[in-house]
Amino acid sequence: MILTKCAVCATELGLTLGKKCGRCSTRYCGPECQKQHWEGGGHDKLCKTIKKAGGAEQYHANTKYAEAVGAAAEACAEDTKGQTCYICTQALHWKTKEGLVRGCACRGTAGFAHVSCLAEQAKILFAEAEEDNLGDKAWNERWIRWDRCGLCEQKYHGVVSCALGWACWKTYVGRPEGDWLQRVAINLLGNGLFGAGHHEDAIPVREAELSTLRRLGVSEVTILSTQSNLAITYEGLGRLDEALRLKRDVYSGYLKLNGEEDENTIRTAHSLANSLRLLERFDEAKSLFLKVTPVARRVLGENHDITLAMRTSYARALYKADGATLGDLREAVTTLEEAEQTARRVFGDAHPLARTIQGDLKRSRAALRARETPPTTKSQN
Ligand SMILES: [Zn+2]
Ligand SMILES: [Zn+2]
Ligand SMILES: [Zn+2]
Ligand SMILES: [Zn+2]
C-alpha cells in the first residue's frame, strides 16, 4: 500500500507502524495526530466519505486518478481538438465529462480516447480472463491493455501512462495484500508516474512496492528488478549518490545470481556505468564499460539496443571527460560513427536511440575539431 506516512505530520510509518482511524483506515503516527486531525483538520467531516469510498487507500487512489485524468486531458487538448473517442464515439465522456487523450504511436485520426474508456476496456478484458480462468498467456495479453494501445500496440507515454497507472491502481488497490494483481498494479503506477516525470510521487510508490515484495518473500530476481526501477527514479530526481549505491547492489546481485552473460546483468552494468559518468567518475565508468561492452557484443550481438546504448555511453564518457586526450576523442568519434550506422540500419532514422547517437556524434566531432585546430595567434595592431 502506498500511504506510508502520518496524515498529519508526515512521519514515515512503513507498512506497519502507527495507528489507523478505526472507520476509514487513515494512518497516523499516534493518538495526538489523530485527535488533532479529527478536531482541527476536518477529518470529522471527511471520515465518512473516505469510509464510503472504500477506505483511505481507495479514496486516495480515486482522488489522484481524477487529478491525473484532468491533467492528461488538458495536456492533450491541442492534439485532440475536434476528435472523438474510438471507444464510446463521443468527444466528451457521457458520465465524467472528461476530455480526450492520446499518448501512443497512433497517427492521423486514430487512437483518440477517454482515459475512463481505456481503463474500462482494460478492466473488462482482464476480468473476463480471470473469471473464465483463461491461463497465464491470456492474462498477460490482456493485462498489457493497461499500458499499451490496442490499436498501434505501442506503450502509452507521459501523462496518459500516468493517468492509466492511477486507473489501474484504483481498480486493484482493494485486492487482498499480496494479490498478484495488486502487485502488478503498483508496478504499473510507478512506471506511469516515472513516465510522466513525477519522480517525487514515484519514489514512495516504488519504495512501497519494494517493501511489500520483501514482506511477501518473492524471488531475489524480482527484488533486484524493483530496486533497479527505484534507482532510476532516484536518479531522475537528482539523488545520484543513492542511485549509485543501489545500482551497485543490483549489479553485484545479478552478477552473483545470473552471471556476467545475463541480459539483466549487462543492462544493470550499463546503468551503473551511466551513474558513474553522471557523477563524473569517468575512470571508473570507462573501466566498467570496457569490461562489459565486449560481453554485450558477444552475447547480445552488435544490433542489440543495449549494445548500441553501451557503446554510445562509453563514447560519451570518453569525449566528455575533462582530461580527454586526442586519442580518446578520436576513439569516441569512430565508435559513434559505427554505432550510428548500425542504429540507422536496425531501427531507422527516427528511433530515439538513433537520434541520441546522432546528437553525440555531432558533439564528439565538434570536440575533436576544436582540439585538432591549432589555436590562432592574435594579430597585433
Ligand atoms: Zn503524526
Ligand atoms: Zn477516519
Ligand atoms: Zn470514450
Ligand atoms: Zn495507439
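Above this text you will find the structure in question.
### A few points about the overall build of the protein chain
Along the protein chain, the regular secondary structure elements total 15 helices and two strands. Every one of the 381 residues in the protein chain was classed for burial, and the buried ones make up 44%. Counting contacts in the protein chain only where the partners sit at least 6 residues apart, residues at least 24 apart contribute 54% of the total. Roughly 19,900 Å² of accessible area belongs to the protein chain as shown, and the carbon and sulfur atoms make up 50% of that amount. Averaged over its 53 positive side-chain charges, the protein chain has a centre that lies 3 Å from the centre of its 48 negative ones.

### Some remarks on the coordination of the zinc ion (ligand 3)
Within the protein, the zinc ion (ligand 3) binds to Cys85 (SG), Cys88 (SG), His114 (ND1) and Cys117 (SG); these donor distances fall in the range 2.1 to 2.4 Å. The coordination sphere of the zinc ion (ligand 3) comprises four donor atoms, whose angles at the metal cover 98 to 117°; the geometry is tetrahedral. In the primary structure, the donors to the zinc ion (ligand 3) are separated according to the pattern C-x2-C-x25-H-x2-C. You can see Cys85 sitting in the loop between helix H3 (56-80) and helix H4 (115-131) and its partner Cys117 sitting in helix H4, a full 32 residues away along the chain. You can call Cys85 buried: its relative accessible area is 2%. Since its relative accessible area comes to 9%, Cys117 is described here as buried.

### Quick word on the coordination of the zinc ion (ligand 1)
Distances from the zinc ion (ligand 1) to its protein donors, namely Cys6 (SG), Cys9 (SG), Cys29 (SG) and Cys33 (SG), fall within the range 2.2 to 2.4 Å. Taken together, the four donor atoms surrounding the zinc ion (ligand 1) define angles of 100 to 117° at the centre, an arrangement classified as tetrahedral. All donors of the zinc ion (ligand 1) come from a single chain, and their spacing in sequence reads C-x2-C-x19-C-x3-C. Using a relative accessible area of 5% as the deciding quantity, one classes Cys6 as buried. What makes Cys9 partly exposed here is its relative accessible area of 39%.

### Things to note about the side chain of Thr335
One can find Thr335 in helix H14 (residues 326-347). What Thr335 contacts, discounting residues up to four positions off in sequence, is Arg311 and Ala315.

### Some details on unusual backbone geometry
Not every positive phi belongs to a glycine, and Ser25 is a case in point at roughly 70°. With respect to the element layout, Ser25 can be found in the loop between strand E1 (19-20) and strand E2 (27-28). Taking relative accessible area as the criterion, Ser25 reaches 35% and is therefore assigned partly exposed. Look at Lys97: it is not a glycine, yet its phi comes out positive at around 65°. Of note, Lys97 is situated in the loop between H3 and H4.

### Looking at the environment of Leu46
By secondary structure assignment, the location of Leu46 is in helix H2 (residues 43-53). A C-alpha to C-alpha distance of 35 Å links Leu46 and Ile87, two positions 41 residues apart in sequence.

### Some remarks on the pattern of salt bridges
The full count for this structure, using the stated rule, is 25 salt bridges. Among the salt bridges present, the one from Arg145 reaches Glu153, with a minimum N-O distance of 3.1 Å. The class for Glu153 is partly exposed, based on a relative accessible area of 38%. Ionic pairing is found between Arg316 and Asp360, a salt bridge with its closest N-O pair at 2.6 Å. Remark: Asp360 occurs in helix H15 (residues 352-372) and Arg316 occurs in helix H13 (residues 305-320); sequence separation between them is 44 residues. The exposure class of Arg316 is buried, given its relative accessible area of 17%. By relative accessible area, Asp360 is classed as buried at 0%. Beyond isolated ion pairs, a larger network of salt bridges with shared partners links Arg297, Glu302, Arg311 and Glu338.

Criteria and cut-off values
- Residues numbered from 1 in each chain as written.
- Chains lettered and ligands numbered in written order.
- Predicted model: local features only at pLDDT ≥ 70, side-chain atom pairs only at ≥ 80, totals over all residues.
- Heavy atoms only, no water.
- Helix = DSSP H or I, 4+ residues; strand = E, 2+ residues; numbered from the N terminus.
- Buried < 20%, exposed > 50% of the residue type's maximum accessible area, 1.4 Å probe, protein only.
- Contact = heavy atoms within 4.5 Å.
- Areas by Shrake-Rupley, 256 points an atom, 1.4 Å probe, with all protein chains shown as cover.
- Lys, Arg positive; Asp, Glu negative; His and termini not counted.
- Charge placed at Lys NZ, Arg CZ, Asp CG, Glu CD.
- Donors = N, O, S within 2.8 Å, 3.2 Å for Na, K, Ca; no water.
- Tetrahedral: all angles 85-135°; square planar, octahedral: opposite > 155°, others 65-115°.
- Salt bridge = Lys/Arg side-chain N within 4 Å of Asp/Glu carboxyl O.

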